[in-house]
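# Per-entry structural report
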Amino acid sequence: MRINCPYCGPRPNEEFNVLGDATKTRPDADKATAQDWLDYVYERDNPKGRLEEYWHHASGCRNWLVVKRNTVTHEVYSVVAARDYKKTHPEGVKK
Amino acid sequence: MKYSVFSLLKNTLSGHRNWTPAWREPDPKKHYDVIIVGGGGHGLATAYYLARQHGITNVAVLEKSYIGSGNVGRNTTIIRSNYLLPGNEPFYEWSLKLWEGLEQDFNFNAMVSQRGVINLFHSDPQRDAFARRGNSMRMHGVDAELLDRDRLREMVPYLDFDNGRFPIYGGLLQKRGGTVRHDAVAWGFARGADMAGVDIIQNCEVSGFRFDQGKVVGVETSKGFIGASKVGMAAAGHSGQVAEMAGMRLPIESHVLQAFVSEGLKPYINNVVTFGVGHFYISQSDKGGLVFGGDLDGYNSYAQRGNLPMVEHVVEAGIAMMPGLSRIKVLRSWGGVMDMSMDGSPIIDKTHIDGLYINCGWCYGGFKATPASGWCFAHTIANDAPHELNAAFRLNRFATGDMIDESGNGPTPNLH
């Protein structure tokens, strides 16, 4: 699996650390219920197929990226910088 | 047919042409008392113990592929009960006790071999941590021995004791741990369950559940609707997919774990040796191949294959600890899909839906747990309540704060 880092170009996947689901939004600490935190911290959609997740180019430019890829075929559809992803998805992705 | 020296002699005299299949291939009935979704080791063991321990024989195991195609045929065959925490240790010890009597119980040679499991340590603090683990095991009535460097060297002289980065200080030994022939576990439980009246239905994929007034009444499958009073989910890496059909979201991520086998060699490694800090563990199969593995690839995956960087990492770690491996050829590598839970411990519980039960979250420790998982899941289904041994493996423990986190990594499944 090669990740096309927007800063470094195509790099092998062992240069990266994976954090997980990028579509979630951290609950508002003032309003969130225990259930909101449970959903955010512990529960997962764990999709079979398309997934968007945070990858960290730890052994490269150290930028946070959002990688859209397929969990069955390992095909990578797109890689964008996390800060650009946040601009287009300010509230995460509505399910 | 009961397998014995007499059945072997009898079939030898007739040229081994009269052996019958180990289990039937029945068509599904209209209704079962219990349906188990997933014909892996845990599902088959559950059906076996439902029939044998609880007298519930009107049971079907539905497997989307063939028996042994999933993780029960993809693991590295290790059994042990060297856990630290109170919620885990009694369960895994019960599993090891079941392994010790399993072959007699289900009349199948699973090649249970208690050859000892050694965990290496490389510093004084790590020795303290392992001593603590060993003490915890002994307080639970489990065997554990802390080996110093000299005793360890007598047992496993081929290790690189003076490794520059990770010099070996000693090891924690559990003598009763060892290996089991994994395929035979699937076959033995399948045959044992079948003989007790359980229907094992292969190539039958569950596509949905049917509920009536908040209670499960059956499952939709590729072979049509099958009614059931109770349904147990035991789908391992696909637990999230199965639970989603029931509208549930799980504290689970699916990850790929790779394993490897080398060319066959003469007896070389007599025990199971784990090099935890380097993410490497190894044993030798009775056929002679070295069976070894490492850590998760680290990204979510449902593919039963991994990527090459992890192959390189595992082999490097292996050669660092066992330089003699460097000239041995790797024959095969493969991957399995792990149901990684948020605290690294499993879930065996009822769900919020009446008649629906769940068994998942085995991470990469599911094989050793196979008998006790089936035993406890059968108890939970039969009595509609968990057994004392799986009382800590609750589905809602993340809401109540009762996590069982052996490695202390928190909700980062790719690090457990």
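None of the values given here were measured: they were computed from a predicted structure.

Helix and strand counts for chain A come out as two helices and six strands. Reported as C-alpha extents along the three principal axes, the dimensions of chain A are approximately 40 × 25 × 20 Å. Within chain A, the proportion of its 95 residues that are buried is 20%. Nonlocal contacts in chain A, meaning residues at least 24 apart in sequence, comprise 51% of its contacts between residues at least 6 apart.

What follows is about the interface of chain A and chain B. Listed per partner, the contact involves 19 residues of chain A and 21 residues of chain B. Residue assignment for the side of chain A that touches chain B shows that the elements contributing at least two residues are α1 (34–41) and β4 (50–56) of chain A. The dominant element in the side of chain A that touches chain B, judged by the number of residues it contributes, is α1(A), at three residues. Class assignment for the residues of the side of chain A that touches chain B results in nine nonpolar, four polar and six charged.

With glycine set apart, most residues show a phi of negative sign, and most peptide bonds adopt trans. Residue and element names in this part refer to chain B. Positive phi is not limited to glycine here, since H16 has a value of about 55°. Here H16 is to be found in the loop between α1 (5–13) and β1 (31–37). According to the C-beta neighbour criterion, H16 is exposed, with 9 such atoms within 10 Å. The backbone phi angle of T77 is positive, close to 65°, even though this residue is not glycine. Along the chain, T77 falls in the loop between β2 (59–62) and β3 (78–79). When the 22 C-beta atoms within 10 Å are taken as the criterion, T77 is described as buried.

Hydrogen bonds between backbone groups are what pair the strands of a sheet, and the pairing can be parallel or antiparallel. Residues and elements named next belong to chain B. Ordered in space as β5-β6-β4-β13-β14-β15-β12-β16, the eight strands form an open sheet in which the pairing is mixed. Unpaired on one side and paired on the other, β5 (145–148) and β16 (330–341) mark the two borders of the sheet. Sheet twist, expressed as the mean angle between neighbouring strand axes with direction ignored, is 25°. Relative to strand β15 (residues 289–300), strand β12 (residues 252–264) runs antiparallel, the two sharing six bridges. By the bridge assignment for β15, H255 is matched with N300.

Attention shifts here to the sheet that holds strand β6 (residues 76–81) of chain A. All names here are of chain A. In space, the four strands of this open sheet follow the order β3-β4-β5-β6, with antiparallel pairing throughout. On the outer flanks of this sheet lie β3 (17–21) and β6, each paired with one strand and no other. Each adjacent strand pair in this sheet contributes to an overall mean axis angle of 30°, direction not counted.

Next up on the list: the packing of helix α3 (residues 89–106) of chain B against helix α9 (residues 370–383) of chain B. Residues and elements named next belong to chain B. Packing of α3 against α9 brings their axes to within 7 Å, and their N-to-C directions diverge by 105°. By the angle class used here, α3 and α9 are roughly perpendicular. On α9, the residues that touch F91, W94, S95, L98, W99 and L102 of α3 are P371, A372 and W375. Broken down by class, the residue content of the contact of α3 with α9 amounts to eight nonpolar, one polar and no charged.

Before going further, it helps to examine the domain arrangement of chain B. Residue and element names in this part refer to chain B. Its domain assignment divides chain B into domain 1 (26–81 + 84–108 + 182–250 + 343–415) and domain 2 (117–176 + 254–341). Placing the centre of domain 1 and that of domain 2 at their C-alpha centroids yields a distance of 27 Å. The interface of domain 1 with domain 2 comprises 29 residues on the first partner and 26 residues on the second. Among the elements of the structure, α3 and α7 (239–245) are those that each provide at least two residues to the side of domain 1 that touches domain 2. Classifying every residue of the side of domain 1 that touches domain 2 by side-chain character gives 12 nonpolar, 12 polar and five charged.

Cut-offs applied
- All chains use their own residue numbering, which begins from 1 and follows the written sequence.
- The order in which chains are written sets their letters, starting at A; the order in which ligands are written sets their numbers, starting at 1.
- Per-residue local features are limited, in this predicted model, to residues with pLDDT of at least 70; the limit for side-chain atom pairs, both in listing and counting, is 80 or more; totals at the level of whole chains, interfaces and linings are taken over all residues.
- Each helix is a run of DSSP H or I of at least 4 residues and each strand a run of E of at least 2, with the numbering of both proceeding from the N terminus.
- Between the buried cut of 20 or more and the exposed cut of 12 or fewer other C-beta atoms within 10 Å of a residue's own C-beta lies the partly exposed class, and all C-beta atoms are placed from the backbone.
- C-beta atoms are first placed from the backbone for all residues, and any pair lying within 7 Å is then listed as a contact.
- The classification used treats Ala, Val, Leu, Ile, Met, Phe, Trp, Tyr, Cys and Pro as nonpolar, Asp, Glu, Lys and Arg as charged, and all other residues, Gly among them, as polar.
- Whether two strands pair comes down to DSSP finding at least two bridges between them.
- Whenever a helix is involved, its axis is fitted only over the stretch in contact; in every case the axis is a line through C-alpha atoms, and angles between N-to-C directions fall within 0 to 180 degrees.
- Roughly parallel covers angles under 35 degrees, roughly antiparallel covers those over 145, roughly perpendicular covers 65 to 115, and oblique covers all other angles.
- Source of the domain bounds: an automatic or database domain assignment.

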